[in-house]
Amino acid sequence: MVMHFLSVWDFTRDEIYKIVSLTENIKDGSIDVKGVLEGKIMGMIFEKPSTRTRVSFEVAMKQLGGDAIYLPTSSLQVSRGESIKDTAKVLSRYLDILMARVYRHETLVELARYSDIPVINGLSDLEHPVQIISDFYTIYEHFGRLYGLKISYIGDSDNNVARSLAIGCAQLGLELSIASPEKYSISREFLDEIFEKVPGSEKLIKVYEDPYEAVRDADVIYTDTFVSMGMESEAEERLKTFLPRYQVTMDLLRSTGKDTVFMHCLPAHRGHEVTDEVIDSEYSIVYDQAENRLHTQKTIILYLMGYL
Ligand code: CP
Ligand code: NVA
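Each chain has its residues counted from 1, running along the sequence as written. Lettering of chains starts at A and numbering of ligands starts at 1, both following the order in which they are written. Predicted model: local features are reported for residues with pLDDT of at least 70 only, side-chain atom pairs are reported and counted for 80 or more only, and whole-chain, interface and lining totals are derived from all residues. With hydrogens and water set aside, each side-chain value is computed from the structure's full complement of heavy atoms.

### What about the environment of Gln289?
Step number 1: In this fold, Gln289 is placed in helix 12 (residues 286-304).
Step number 2: Separated by 183 residues in sequence, Gln289 and Glu106 place their C-alpha atoms 28 Å apart.
Step number 3: In this description, contact between two residues means that some pair of their heavy atoms is separated by no more than 4.5 Å. The residues touching Gln289, leaving out its near neighbours within four places in the chain, are Gln131, Ser134, Asp135, Thr138, Tyr222, Met263, His264 and Cys265.
Step number 4: Any pair of N or O atoms that falls within 3.5 Å is considered a polar contact. Within protein, one atom must be able to donate a hydrogen and the other to accept it, and sequence-neighbouring residues count only if both atoms are side-chain atoms. Side chain to side chain, Gln289 and Asp135 meet in a polar contact 3.1 Å long. Under the DSSP-based scheme used, a helix requires at least four consecutive residues in state H or I and a strand at least two consecutive residues in state E, with every element numbered from the N terminus.

Okay, here's the thing in structure tokens:
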């Protein structure tokens, strides 16, 4: 059976812990993975721009001894109407693993359905699972544990990053407090699905409108853009709704009553969801977070390909 990674749900709680722990070993070199993927090639389909996801996957493949091919959809025949089914079937004959960043999550599901090789979600409108698994590693690296920590997500929680974070926190039993304007809050149906799948998680995930209430006792404050890729036409209205209340400021960070760290998946829109002062402060771990994408991608690739 081919294993895909389209959603945080695709990994069990034990698998997430395993990926986090293996990433620690891969990063510190105690598991030597150099060259293990010699001759193996990843295809990287991109419908949207990317800095971290593209470069970390490509570098990961090269450092593992393999290679990667960048496939922007504008250069593929899908842009002229070739079906996802035929694309998946053909690419499966050339490649060993596929990663895709798409607008519609359904495109990934379709790719995976017809693909004989693992398919990884490199971000869709629904989820950003590789980001969140990597972020759990970063949190573990910083605090030396995951259990018992409280994460607070401020901003647009009706987006891919927040949804993957919510699933992950439920799976791992971490407290998650979310603060968003009502219009851009994670949907009730999405939360109900989590609460149904993970009994007890309704006690862990709380939704607020007031950021100050949400960040109380938080170990981590996490935010993301107010205007995700594909939402550019809504930018003006969104900024009006989010600002200034949902900006992560030094005052918000200091109000937690703890040594709280700041995280952001990046790219950041400085002056919108976060101030320069916060992202450039000693509390910010955003560059460790970005670096760890590379180490975690290696673990995810090797795990899905059956090497770990
Ligand atoms: N965080 C993240 O996925 O960044 P990119 O859009 O640069 O890949
Ligand atoms: N929510 C953002 C994440 C970028 C990595 C977006 O979809 O644009």
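### Overview of the site of ligand 2
Step number 1: Proximity is defined per residue: if any heavy atom of the residue lies within 4 Å of a molecule or strand, that residue is considered near it. Close to ligand 2 lie Leu123, Asn159, Asn160, Asp224, Thr225, Ser228, Met229 and Leu266, which account for all nearby residues.
Step number 2: Here Asp224 contributes a side-chain N or O atom positioned 2.6 Å from a nitrogen atom of ligand 2.
Step number 3: Within the backbone of Met229, a nitrogen or oxygen atom sits 2.8 Å from an oxygen atom of ligand 2.
Step number 4: Values of accessible area rely on a 1.4 Å probe in the Shrake-Rupley scheme; residue burial ignores everything except the protein chains shown. Relative to its unbound accessible surface of 270 Å², ligand 2 loses 94% to contact with the protein.
Step number 5: Applying the majority rule of atoms within 2 Å of the grid points places ligand 2 in the largest pocket.
Step number 6: Considering only residue class, the shell around ligand 2 consists of three nonpolar, four polar and one charged. In the cavity and pocket records, a cavity denotes points on a 1 Å grid over the protein atoms alone where a 1.4 Å probe fits but cannot get out, a pocket denotes an open set with protein on both sides within 12 Å along at least 5 of 7 lines, and lining residues are residues with an atom within 4 Å of a point. Placement in a cavity or pocket follows one criterion, namely that more than half of the molecule's atoms lie within 2 Å of its grid points. Each residue gets one label: Ala, Val, Leu, Ile, Met, Phe, Trp, Tyr, Cys and Pro are nonpolar, Asp, Glu, Lys and Arg are charged, and the others, such as Gly, are polar.

### Observations regarding the site of ligand 1
Step number 1: Near ligand 1 you find Ser50, Thr51, Arg52, Thr53, Arg101, His128, Gln131, Cys265, Leu266 and Arg293, and these make up its full shell.
Step number 2: For ligand 1, an oxygen atom lies 3.2 Å from a polar atom in the side chain of Arg293.
Step number 3: If ligand 1 stood free it would expose 260 Å²; the protein chains cover 96% of that surface.
Step number 4: Assessed atom by atom at 2 Å from the grid points, ligand 1 resides in the largest pocket.
Step number 5: Classifying every residue of the shell around ligand 1 gives two nonpolar, five polar and three charged.

### Remarks on the packing of helix 5 (residues 129-143) against helix 6 (residues 160-172)
Step number 1: Whenever a helix is involved, its axis is fitted only over the stretch in contact; in every case the axis is a line through C-alpha atoms, and angles between N-to-C directions fall within 0 to 180 degrees. Put simply, helix 5 and helix 6 touch, their axes get as near as 9 Å, and they point 50° apart. Considering their axes alone, helix 5 and helix 6 lie oblique with respect to each other. The two elements helix 5 and helix 6 meet at a crossing, and its hand is right-handed. Contacts from Pro129, Ile132 and Phe136 in helix 5 reach Val161, Ser164, Leu165, Gly168, Cys169 and Leu172 in helix 6.
Step number 2: Partitioned by chemical class, the residues of the contact of helix 5 with helix 6 number seven nonpolar, two polar and no charged. We call two directions roughly parallel when the angle between them is under 35 degrees, roughly antiparallel when it is over 145, roughly perpendicular when it lies between 65 and 115, and oblique otherwise. The handedness criterion is simple: a crossing whose near helix is rotated anticlockwise from the far helix by less than a right angle is left-handed, and one whose near helix is rotated clockwise is right-handed.

### Considering the sheet that holds strand 2 (residues 67-72)
Step number 1: With parallel pairing, the four strands of this open sheet are ordered in space as 2-1-3-4. One side of each edge strand has no neighbouring strand; the edge strands of this open sheet are strand 2 and strand 4 (119-121). Taking each pair of neighbouring strands and ignoring which way they run, the sheet shows an average axis angle of 20°.
Step number 2: Following DSSP output, two strands are said to pair if at least two bridges run between them. As paired strands, strand 3 (residues 97-101) and strand 4 are joined by three bridges and run parallel to one another. Within strand 4, the residue paired with Ala100 across the bridge is Asn121.

### Thoughts on helix 7 (residues 188-197)
Step number 1: Accessible area is worked out with a 1.4 Å probe on protein chains only. A residue is then buried under 20% of its type maximum, exposed over 50%, and partly exposed in between. Among all positions of helix 7, only Phe190, Leu191, Ile194 and Phe195 are buried. The buried residues of helix 7 occupy an angular sector of 135° when projected down its axis, which confines them to one face. Facing away from the buried side of helix 7 by over 90 degrees, the exposed positions are Glu189 and Glu196.
Step number 2: For helix 7, the elements touching its buried residues are helix 6 and strand 7 (205-208). In this description, one arc is meant: the one made by directions from the helix axis to the C-beta atoms.

### Here we look at the packing of helix 1 (residues 13-28) against helix 12
Step number 1: The interhelical angle for the contact between helix 1 and helix 12, taken along N-to-C directions, is 115°, at an axis separation of 9 Å. For the element pair helix 1 and helix 12, the recorded crossing hand is right-handed. Residues Glu15, Lys18, Ile19, Leu22, Thr23, Ile26 and Lys27 of helix 1 lie in contact with helix 12, whose contacting residues are Glu291, Asn292, His295, Thr296, Lys298, Thr299, Ile300, Leu302 and Tyr303.
Step number 2: When grouped by side-chain class, the residues that make up the contact of helix 1 with helix 12 number six nonpolar, five polar and five charged.

### Re the nonpolar core
Step number 1: Each nonpolar core is a collection of buried residues, namely Ala, Val, Leu, Ile, Met, Phe, Trp, Tyr and Cys, held together in the definition by side-chain atoms within 4.5 Å. Ranked by size, the top nonpolar core spans 61 residues in total, and within it Met42, Ile120, Phe136 and Ile301 carry the most contacts.
Step number 2: When residues of this core are assigned to their parent elements, the largest contribution, eight residues, is made by helix 6.
Step number 3: Apart from the residues within four sequence positions on either side, Met42 is in contact with Phe57, Met61, Asp67, Ala68, Ile69, Leu95, Ile97, Met99, Ile120 and Ile301.
Step number 4: If you look at the next biggest cluster of nonpolar residues, it comprises 20 residues, including Ile221, Leu266, Val274 and Val278.

By themselves, these figures tell us nothing about what the structure is for.
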